[in-house]
Amino acid sequence: MNTYTKDDKFVELISKIPNVAVQGYNRDRTVIYWNKASEEIYGYTYEEAFGKKLEDLIIPDFMKEGVISHIQNWYDKGIAIPTGELPLKHKSGSTVHVFSSHVMLKEDTSEPEMFCVDINLTEQKRQEQLLKEKDKILLHQSKMASMGEMFENIAHQWREPLSMIATTASGIQLQNDFKILSDTYLNNTLNSIIENSQYLSQTINDFRDFIKGEHKKIPFNVYDNIQYSLKLLEGVTNKNVINIIMSKNGQNIKICNYPNELVQVIINIINNTKDAFIKNEITKRCIFIDLEELSREIKISIKDNAKGINKDIINKVFEENFTTKEDKEATGIGLYMSQRLINESMKGNIEVKNSIYTYESVEYTGAEFIIILNKD
Ligand SMILES: Nc1ncnc2c1ncn2[C@@H]1O[C@H](COP(=O)(O)OP(=O)(O)OP(=O)(O)O)[C@@H](O)[C@H]1O
Ligand SMILES: [Mg+2]
């Protein structure tokens, strides 16, 4: 037969319930109740905790003052402590993240008691943190992947200025050996060497800025941002003889968003287009970029003439790890990451469709990526 009274049942339930730490404190914050889950979560046994002060057990130093004054306010003025997430302290010193609710019992008596009911969120926080770190690594990998190719092409971008420097320098040496070096020739050639080395150092700076680029929301000119992306891609586009036709519209559009992220997305799209041109053996290669100002948004359209994306896979291209490329380097994260950057960081939208369009009386067929971003 069940011999419990209703109250006994609840007392036993609360004392044994796993993962829900319940502690009771009197007016001077001394522990008067400490259930089994509190022992688990905070590491102190009932015997260790009983009679000790709340702030000497589980409150981290930086919160002590605030917690004491909140509790006093509750006892003195009846201002309840709101429910919420708190980083408390385990006996070992480590942080225990809890979702904490509080209740005052015997409120009308001379000895009210405050009870805290804490649910342990530490594992959840740890998982969240792991996910965040995984995301960070993925983002970094995708940035590096989009860069990798460009580093190869830096060589291409550098070949001409480097050979110019070498030729002019040996010209100076030769003329000097034959004692025919004039001041005018020396000045002109030195100027050309300076200009070329400035160009080399500028390309390095551009790449470095992009790689180190911060994740920061700032106002920026979208047209200039696209031009900057194209500059980073110059090695790729020159080497693969890709003609970029950017319309002159929207040169003054400014938005407040993450410029570095937009650069990364454009790089991913154009790197893909380059691969499609090669795969589909397109000889006359064009990319059209249009920028348009809508009433509250801006629209960036990037079209190519690489024949388009097969309709069986077009819905999959933004999926993580989706790739049709056989080389080991391709991981299928380029567009997945681009979509996440646009949707989650930039709060915009990115879509792809196949387009047929005419430019200067010639018809082009290819993929069109459309990015929509809010103006503010
Ligand atoms: N402009 C395009 N024309 C044709 N197919 C495209 C185009 N852009 C993307 N795709 C297709 O979308 C797929 C996914 O692209 P995504 O950038 O996500 O991965 P990937 O380029 O294959 O690999 P990664 O970017 O990781 O090197 C590509 O494998 C390709 O089949
Ligand atoms: Mg790609």
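Analysis parameters
Residues numbered from 1 in each chain as written. Chains lettered and ligands numbered in written order. Predicted model: local features only at pLDDT ≥ 70, side-chain atom pairs only at ≥ 80, totals over all residues. Heavy atoms only, no water. Domains from an automatic or database assignment. Axes fitted to C-alpha atoms, helices over the stretch in contact; angles between N-to-C directions. Helix = DSSP H or I, 4+ residues; strand = E, 2+ residues; numbered from the N terminus. Left-handed = near helix turned anticlockwise from the far one by under 90°. Contact = heavy atoms within 4.5 Å. Nonpolar A, V, L, I, M, F, W, Y, C, P; charged D, E, K, R; others polar. Near = heavy atom within 4 Å. Polar contact = N/O pair within 3.5 Å; in protein donor to acceptor, adjacent residues only side chain to side chain. Areas by Shrake-Rupley, 256 points an atom, 1.4 Å probe, with all protein chains shown as cover. 1 Å grid on protein atoms, 1.4 Å probe; cavity = no way out; pocket = protein on both sides within 12 Å on 5 of 7 lines; lining within 4 Å. Sits in = over half its atoms within 2 Å of the grid points. Buried < 20%, exposed > 50% of the residue type's maximum accessible area, 1.4 Å probe, protein only. Pairing = 2+ DSSP bridges.

Draft legend 1. Quick look at the domain arrangement of the protein chain. Domain annotation for the protein chain reports domain 1 (6-120) and domain 2 (129-374). In this structure, domain 1 and domain 2 have C-alpha centres spaced 57 Å apart.

Draft legend 2. Geometry of the packing of helix H7 (residues 183-212) against helix H8 (residues 222-232). Where H7 meets H8, the closest approach of the two axes is 10 Å, and the angle between their N-to-C directions is 115°. Seen along the crossing, H7 lies across H8 with a hand that is left-handed. Together, Gln-202, Asp-206, Phe-207, Asp-209 and Phe-210 of H7 and Tyr-228, Lys-231 and Leu-232 of H8 make up the contact between the two elements. Residue classes in the contact of H7 with H8 are distributed as 4 nonpolar, 1 polar and 3 charged.

Draft legend 3. Highlighting the site of ligand 1. Close to ligand 1 lie 20 residues; Asn-272, Thr-323, Thr-324, Lys-325 and Gly-332 are nearest. In the model, an oxygen atom of ligand 1 is placed 2.8 Å from a nitrogen or oxygen of the Thr-331 side chain. A distance of 2.8 Å separates an oxygen atom of ligand 1 from a polar backbone atom of Leu-335. Expressed as a share of its isolated accessible area of 600 Å², the protein-covered part of ligand 1 is 90%. Among the detected pockets, ligand 1 sits in the largest pocket. For the shell around ligand 1, the secondary structure elements donating two or more residues are helix H10 (259-279), helix H11 (334-345) and strand S12 (362-374).

Draft legend 4. Fine view of the pairing of strand S1 (residues 20-25). Of all 6 residues in S1, 6 are buried; the element is thus mostly enclosed. The alternating pattern of S1 places Val-20, Val-22 and Gly-24 on one face and Ala-21, Gln-23 and Tyr-25 on the opposite face, and all of these are buried. Alignment of S1 against strand S2 (residues 31-34), held across 3 bridges, turns out to be antiparallel. The residue of S2 that forms the bridge with Tyr-25 is Val-31. Between S1 and S2, which pair antiparallel in sequence order, lie 5 residues; one of them, Arg-29, sits at a positive phi of approximately 65°.

Draft legend 5. A look at the sheet that holds strand S4 (residues 95-105). Pairing is antiparallel across the open sheet formed by 5 strands, whose spatial order is S2-S1-S5-S4-S3. With one partner strand each, in any of the chains shown, S2 and strand S3 (84-89) form the two edges of the open sheet. Direction aside, neighbouring strands of the sheet carry axes that sit 35° apart on average. One ladder, built from 6 bridges, connects S3 with S4; its direction is antiparallel. Pairing of Pro-87 across the sheet is with His-97, part of S4.

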